[in-house]
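An overview of the molecular structure
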Amino acid sequence: MTYIAIKDLSLTYQTKTKSVHALSHIDLDIEEGEFVSLIGPSGCGKSTLLSTIGALLEPTSGSVTIAGQTVQEVRKQRKIGNVFQEARLLPWRTVGANIAYLSELAGQRPRQSEIQEIADFVGIGAFLNSYPHELSGGMRQRVSLCRAMILDPMVLLMDEPFGALDAITREKMQVELLRIWEETKKTIVFVTHAIDEAAYLSDRIVVMSARPGRIQADYVNPLVRPREPFGRQTHETSDFQSVLHSELMRAETEERTDA
Ligand SMILES: Nc1ncnc2c1ncn2[C@@H]1O[C@H](COP(=O)(O)OP(=O)(O)OP(=O)(O)O)[C@@H](O)[C@H]1O
Ligand SMILES: [Mg+2]
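What comes next is a walk through the structure. Since the structure is predicted, the reported quantities are computational estimates derived from the model, not experimental observations. (Residues numbered from 1 in each chain as written. Chains lettered and ligands numbered in written order. Predicted model: local features only at pLDDT ≥ 70, side-chain atom pairs only at ≥ 80, totals over all residues. Heavy atoms only, no water.)

**Observations regarding the sheet that holds strand S1 (residues 2-14)**
The criterion, for reference: Here a strand pair is declared whenever DSSP counts at least two bridges between the two strands. For helices the rule is a DSSP run of H or I covering at least 4 residues; for strands it is a run of E covering at least 2, with both sets numbered from the N terminus onward. Residue contacts follow a heavy-atom distance rule, with two residues in contact if any of their heavy atoms lie within 4.5 Å. Each axis is a line fitted through C-alpha atoms, and for a helix only the stretch in contact is used; angles between axes span 0 to 180 degrees, taken between their N-to-C directions.
Strand order in the open sheet made by the four strands is S2-S1-S4-S5, with antiparallel pairing throughout. Since the sheet does not close on itself, it has two edges, and those belong to strand S2 (19-31) and strand S5 (69-70), each with one partner. Where S1 lies against strand S4 (residues 61-66), five bridges are found, and the strand directions are antiparallel. Counterpart to Ile 4 in the pairing with S4 is Ile 66. This element, helix H1 (residues 46-53), spans S1, S2 and S4 of the sheet and lies at about 120° to S1.

**A word on the pattern of salt bridges**
Applied cut-off: Any Lys or Arg side-chain nitrogen found within 4 Å of a carboxyl oxygen on Asp or Glu counts as a salt bridge. For every residue, the accessible area obtained with a 1.4 Å probe (protein chains only) is divided by the maximum for its type, and the residue is called buried under 20%, exposed over 50%, and partly exposed between those limits.
This model, assessed by the stated rule, comprises 13 salt bridges. Residues Glu 104 and Arg 93 are paired through a salt bridge, measuring 3.0 Å at the closest nitrogen-oxygen approach. Taken together, the residues Glu 104 in helix H3 (residues 95-105) and Arg 93 in the loop between strand S6 (80-83) and H3 connect sequence positions eleven residues apart. Between Arg 109 and Glu 104 there is a salt bridge, and its shortest N-O distance comes to 3.9 Å. Classification of Glu 104 by relative accessible area gives partly exposed; the value is 25%.

**Quick word on the environment of Gly 125**
When you line up the elements, Gly 125 lands in the loop between helix H4 (112-122) and helix H5 (137-149). Given a relative accessible area of 17%, Gly 125 falls into the buried group. Remark: the alpha-carbon pair of Gly 125 and Met 149, spanning 24 residues in sequence, is separated by 14 Å. Setting aside residues up to four positions removed in sequence, Gly 125 forms contacts with Gln 116, Ala 119 and Asp 120.

Keep in mind that these numbers describe shape and distance, not what the molecule does.
Pasting the structure below:
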């Protein structure tokens, strides 16, 4: 059953000097518990689309609903979790206080036991009293994930969350994220540039065309779980990755006549 419903969504940015047509007539349905990746050329509107799902941006036309509610309603209840490429932590707060921050904004103070539980679950339970500058990039992203997860979000929106990490840390985080997803069954929309990451993590991979972004292709991932991480590739993995690669090449080069 459809959980996130994006209907005929278009978005044009208006700046002082120009208008930028970022998204054009996006229709996309995502089911509850699904792990969907968005890939596409740089500037095609992936972050913009994610921001409309998170109600951080209003579309120019069209709509997004989650479980039948407008995303603005869901955002008001703080039931949307965001993880960005940078962890965006408050440097003067400890890890524990960073995890609690969004709940505090909503007028709630999570119990220490609740913070400890989520931090243990995401693998930073021993660092609650540390400050962000004392952590590695991977650990900071774990804190960022905890801060989103403690809200018990209806949807987790992740915008290239591992893009700034070194290769080995990135692989570890991918394995961890799959474990967390399998245990919590959250609905995840995940933006990435990396085809191997999309193929390893997702149930579905949505390919967007160059700007203005449209849905160019929507692949159900044929690779059965559990999948082989760390580049131990099967024929099926490399075949699927080459299909995605060709689709991305097409997205980069295809001449647009409908912009
Ligand atoms: N606030 C803004 N004002 C004007 N134009 C914007 C704004 N934010 C983004 N854009 C433009 O909208 C288009 C889509 O941007 P967006 O950041 O969504 O792309 P993206 O697919 O996430 O790119 P990348 O892969 O590089 O992160 C780009 O052409 C970008 O320059
Ligand atoms: Mg982006």
